[in-house]
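Results of the structural survey
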Amino acid sequence: MSARNPAISRRTALKTALKTGLAAGVGAALLTRAEPAAAATHPGLLHTQADFDRMRAQVNAGAQPWKAGWDRLVANAHSQSTWTPRPTATIIRGGDGQNYPQLYNDIHAAYQNALRWKISGSTAHGNKASDILNAWSGTLTTVTGNADRFLAAGIYGYQFANVGEIMRGYSGFDLARFQRMMLNVFHPLNEQFLTNHNDACITNYWANWDLCTMNSVLAIGVLCDRQDLIDRAVTYFRTGAGNGSIMHAVPFLHSGGLAQWQESGRDQGHTVMGVGQMGAFCEMAWNQGIDLYGYADNRFMKACEYIAKYNLGEDVPFTPYTWGTGQNCAQQTHTVISSAGRGHVRPVWETVYHHYAVRRGLPMPYAAAFVARLRPEGGGGDYGTTSGGFDQLGFGTLTHARVAATATLPAGTTRSLRSVNYPARFIRHQNYLGYLHEVSASSDAQTRQDATFTIVPGLAAPNGYSLRAANGQYLRHYDFRVRLAADDGTATFKSDATFYAVPGVASGSVRLESSNYPGRYLRHRNYELWMDPYDGTSGFRDDSSFTAVTAWA
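Attention here is on the structure that accompanies the text.

Reading guide: rules and limits
Starting afresh in each chain, residues are numbered from 1 along the sequence in its written order. Since the coordinates come from a predicted model, pLDDT governs what is reported: local features require at least 70, and pairs of side-chain atoms require 80 or more to be given and counted, while whole-chain, interface and lining totals use all residues. Just so you know, side-chain values use all the structure's heavy atoms and leave hydrogens and water out. Each helix corresponds to a stretch of at least 4 residues labelled H or I by DSSP, and each strand to a stretch of at least 2 residues labelled E; elements are numbered beginning at the N terminus. In this description the radius of gyration comes from C-alpha coordinates, and the expected globular size is given by 2.2 Å times residues to the power 0.38. Contacts between residues were defined by any pair of non-hydrogen atoms, one from each residue, lying within 4.5 Å. Exposed residues in this analysis have more than 50% of their type's maximum accessible area, buried residues have under 20%, and partly exposed residues fall in between, with area computed by a 1.4 Å probe over protein chains only. The pairing criterion for strands is at least two bridges between them, as found by DSSP. By definition here, a salt bridge exists when the distance from a side-chain nitrogen of Lys or Arg to a carboxyl oxygen of Asp or Glu is within 4 Å. Stacked, edge-to-face and tilted labels apply to pairs of Phe, Tyr and Trp rings (six-membered ring for Trp) whose centres lie within 6.5 Å, assigned for plane angles under 30 degrees, over 60, and everything in between, in that order. What counts as an axis is a line fitted to C-alpha atoms, over the stretch in contact for a helix, and the angles between N-to-C directions run from 0 to 180 degrees. Angle categories are assigned with fixed cut-offs, so that under 35 degrees is roughly parallel, over 145 is roughly antiparallel, 65 to 115 is roughly perpendicular, and the rest are oblique. Left-handed describes a crossing whose near helix is turned anticlockwise from the far helix through less than a right angle; right-handed describes the clockwise counterpart. The classification used treats Ala, Val, Leu, Ile, Met, Phe, Trp, Tyr, Cys and Pro as nonpolar, Asp, Glu, Lys and Arg as charged, and all other residues, Gly among them, as polar. Only buried Ala, Val, Leu, Ile, Met, Phe, Trp, Tyr and Cys residues count toward a nonpolar core, and they belong to the same one when joined by side-chain atoms within 4.5 Å.

Let us look at the overall build of the protein chain. Regarding its fold elements, the protein chain presents 20 helices and 18 strands. For a compact globule of 553 residues, the expected C-alpha radius of gyration is about 24 Å, and the protein chain comes in at 25 Å, within 12% of that figure. Its C-alpha atoms give the protein chain principal-axis dimensions of about 80 × 55 × 55 Å. In the protein chain, of all internal contacts separated by at least 6 residues, the share reaching a separation of at least 24 is 68%.

Okay, the pairing of strand 12 (residues 474-478) next. The buried count for strand 12 comes to 4 of 5 residues, which makes it a mostly enclosed element. Counted between consecutive antiparallel strands, the loop separating strand 12 from strand 13 (residues 481-485) contains 2 residues, among which D479 sits at a positive phi close to 55°.

This paragraph deals with the pattern of salt bridges. Where charged atoms from two side chains of opposite charge approach closely, those side chains can pair. Within this structure, the stated rule accounts for 23 salt bridges. The shortest N-O distance in the salt bridge between R54 and D51 comes to 3.0 Å. Residue R54 and its partner D51 are both found in helix 4 (residues 49-60); the two are separated by 3 residues, about one turn of the helix. Judged by its relative accessible area of 15%, R54 falls in the buried class. Of the charged contacts, one joins E263 and R266 as a salt bridge, the two residues approaching to 2.7 Å between their closest N and O atoms. When salt bridges that share partners are traced, they join D51, R54, E283, R359 and R402 into one network.

Our next topic: the packing of aromatic side chains. Counted according to the given criterion, the structure contains 26 aromatic pairs. The interplanar angle of 75° and the centroid separation of 6.0 Å between the aromatic rings of F237 and Y295 together place this pair among those described as edge-to-face. In this pair, F237 is assigned in helix 11 (residues 227-239) and Y295 in helix 14 (residues 295-311), connecting sequence segments 58 residues apart. Owing to a relative accessible area of 0%, F237 belongs among the buried residues under this scheme. For Y295, a relative accessible area of 27% gives the class partly exposed.

Glycine aside, residues mostly have negative phi angles, and peptide bonds mostly take the trans form. The residue after H42, namely P43, is reached through a cis peptide bond having omega -15°. Looking at the element boundaries, P43 is found in the loop between helix 3 (28-32) and helix 4. Going from Q64 to P65, the amide bond is cis rather than trans, its omega being 10°. Position of P65 relative to the elements: it lies in the loop between helix 4 and helix 5 (66-75). Positioned with a positive phi, D479 is a non-glycine residue whose angle comes to about 55°. Along the chain, the position of D479 falls in the loop between strand 12 and strand 13. The exposure class assigned to D479 is exposed, which follows from its relative accessible area of 60%.

A separate point is the packing of helix 7 (residues 123-137) against helix 8 (residues 148-167). It is the contact of helix 7 with helix 8, at a shortest axis distance of 11 Å, that shows an interaxial angle of 130°. One element, helix 7, and the other, helix 8, form an angle in the oblique class. As helix 7 runs across helix 8, the sense of the crossing is left-handed. Counted together, G126, A129, S130, L133 and W136 of helix 7 and F160, V163, G164 and M167 of helix 8 form the full contact between these two elements.

To continue, consider the packing of helix 13 (residues 268-286) against helix 14. As a packed pair, helix 13 and helix 14 sit with axes 11 Å apart at the nearest point and diverge in direction by 150°. Judged by the angle between their axes, helix 13 and helix 14 are roughly antiparallel. The hand of the helix 13/helix 14 crossing is left-handed. Only F300, C304, I307, Y310 and N311 of helix 14 make contact with helix 13, whose side of the interface consists of Q268, T271, V272, V275, M278, G279 and C282. Its residues assigned to classes, the contact of helix 13 with helix 14 comprises 8 nonpolar, 4 polar and no charged.

Nonpolar side chains tend to gather and get buried jointly when the protein is soluble and globular. In terms of nonpolar packing, the biggest core is built from 123 residues, with F160, M167, F186, W261, F300 and W349 touching the most fellow members. A per-element tally of this core places helix 8 first, with 12 residues. Listed in part, the 21 residues of the second largest apolar core include L417, F453, L467 and F546.

So, on to the pairing of strand 15 (residues 510-514). Sheet faces and side chains relate simply in a regular strand, where the side chains alternate between the two faces. Most of strand 15 sits inside the fold, with 5 of its 5 residues counted as buried. Burial of strand 15 is two-sided: the residues V510, L512 and S514 facing one way and the residues R511 and E513 facing the other way are all buried. Bridge analysis of strand 14 (residues 499-503) against strand 15 gives 5 bridges, and the strand direction is antiparallel. Across the sheet, F499 pairs through a bridge with S514, a residue of strand 15. The turn joining strand 14 and strand 15, which pair antiparallel and follow one another in sequence, is formed by 6 residues; a positive phi near 85° is taken by G508.

So, in C-alpha cells, the structure goes:
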C-alpha cells in the first residue's frame, strides 16, 4: 500500500459519495476538501483561489490585519511594477563566482507583483510577474556551486514554482517553458540530493536541507501535474531517512504539548527557518487534500510551540541529540539547546498559527505570541539583503490570516454583557478595572451604569468592536488586565481596545478575541477580567463567553 493511500482514500470516498448521493455521510471535512479528477488542484500550492478571494475581500473592506499586511506589501521595493529582472544562464551558490542574489531577488519581485495582481487586479503587476518568469525560463539553464547548490535548487525551486502556479493561465505567461525549466534545471538537483545527500551520511545535512528540497519536489509536482513527484515528496515527509522527514525533524516529544526540533542545539535562526520550511510543505500538501499538519498527532504543531516558547525567552526541556556526520557517519551530540540567535525573527508564524488555531481550533499560545510580535509580516526585502531574509516568501498576515467562525454584536447600540456560566454576573468597570460582578434591578444606579456599554465599530479595525462606557472611555487591555481608559489617540490604544467577536458556547453568545494578540480572549478569572491565551478547555470557553442583553442603564 503506497504512502499516499490515506489521501487517496479521502478523495475516493468523496467522489464515491457524490456519485451515490451519500456525500452528507462522508463528513463536512471531506466536502470542504473536494478535488477535481486532475492530478493536482490549481491554484494549489501556498495559495488557493479561495485564499485570494479572501485576501481581496478583506483588503477591499479595509479589514485588519489584512489591510496592514497589504500596506506592507505595497511598500516593498520588490512589489513595484517597475522592477527590472536580471536573468542569467547560470546561477552559482557556494564557491567562486556566486551570483544567486540575482535569482532570489527576482523570484520575490515576481511573487510580490503576482500577489498585487491577484488582489488588486492591476495588469501592470500581473504583466511584471509574467515578464520576470518568462525572462528566467528563457535564460536559465544551470544551477551550480558547491554543496549549497542544493539549497539554491530547493529554496528557489519551490518559491519559483509557487509564482508560476499563481500566474497559471495569465495571458503572455509561457507556462510550458517555465515548467520545462523547473523540471530540467531544479528538479534533477532536488532528486539527486534526496537520493544520495551529496554522498554524505544520510543525517549529515540539517533538517532544512531536506525540507527545502522536499518543498521543491512537491511544488514542481503540483505545477507540472506530476503525481509521481507529489507522491515522492509526501512519502519522504512520512518515512524518509533524512532529517527533513517528520520523525527526524522532530525527534523528541516533551510534556506540555512541546516537541524538540532537530536543529535546536545548532542555533535559533535555522531552527525558526524550519518552521517556515515545514509550514510551507504542510500548507502546500493541505491544498492538495493531504493533511500532514496533523501527522503523528500534530507533531509539527508541538515543535512550533517549543520553538516559539524558547525564542520568546522562556525555558524549554532538551534531550541530548546525536547524529551522524560526514561520509562515515561520525557521531556528534548536542547536549544543550543553543541560545545563538535566540529571539530570531522570520515571517513564518502566521501560516502555522492560522492552520492549527483557526482552521483546527487548537490552542497555540506561544505561536500566537510570536504572531502578535511580528504582525504584519513582511517578505523578501523587509528582513535584510542577504539570503536569510529571502528563505521564505513571507507576507503571511496578508495571505494566511484566516477568519475564524464569526459572530456579530449590535454595533451602535447600548448593551450589557452577561456571563454565560455566571448569568447573574456582568462585565463592569470599577475604579477603572474590569470585573465580573453581580448586577440586578436592585443594584444601585452607579453599578448598573458601570455595567453598561455602547458597542461601536472597532477603533483599530472596522471588522472588530470596541466597548465605550458612559463616560466616553473604553475597555482595553494593558499588561493583559482589562481596564477602562480614555482614548489617547495612539495606535496601541486603539488596538488594545478592539476585539473580534467569535461564537461563544451558548446560542447568541460571543467570545471577544484581542485584535493585536491573536489567541487571547477576554475572560473572567476569579471575577477579574483578563486577556488570557486560549488553553483549549471547555472551562476557558465558558469563562470567555458573554451574551449582549438589554442594558442595565
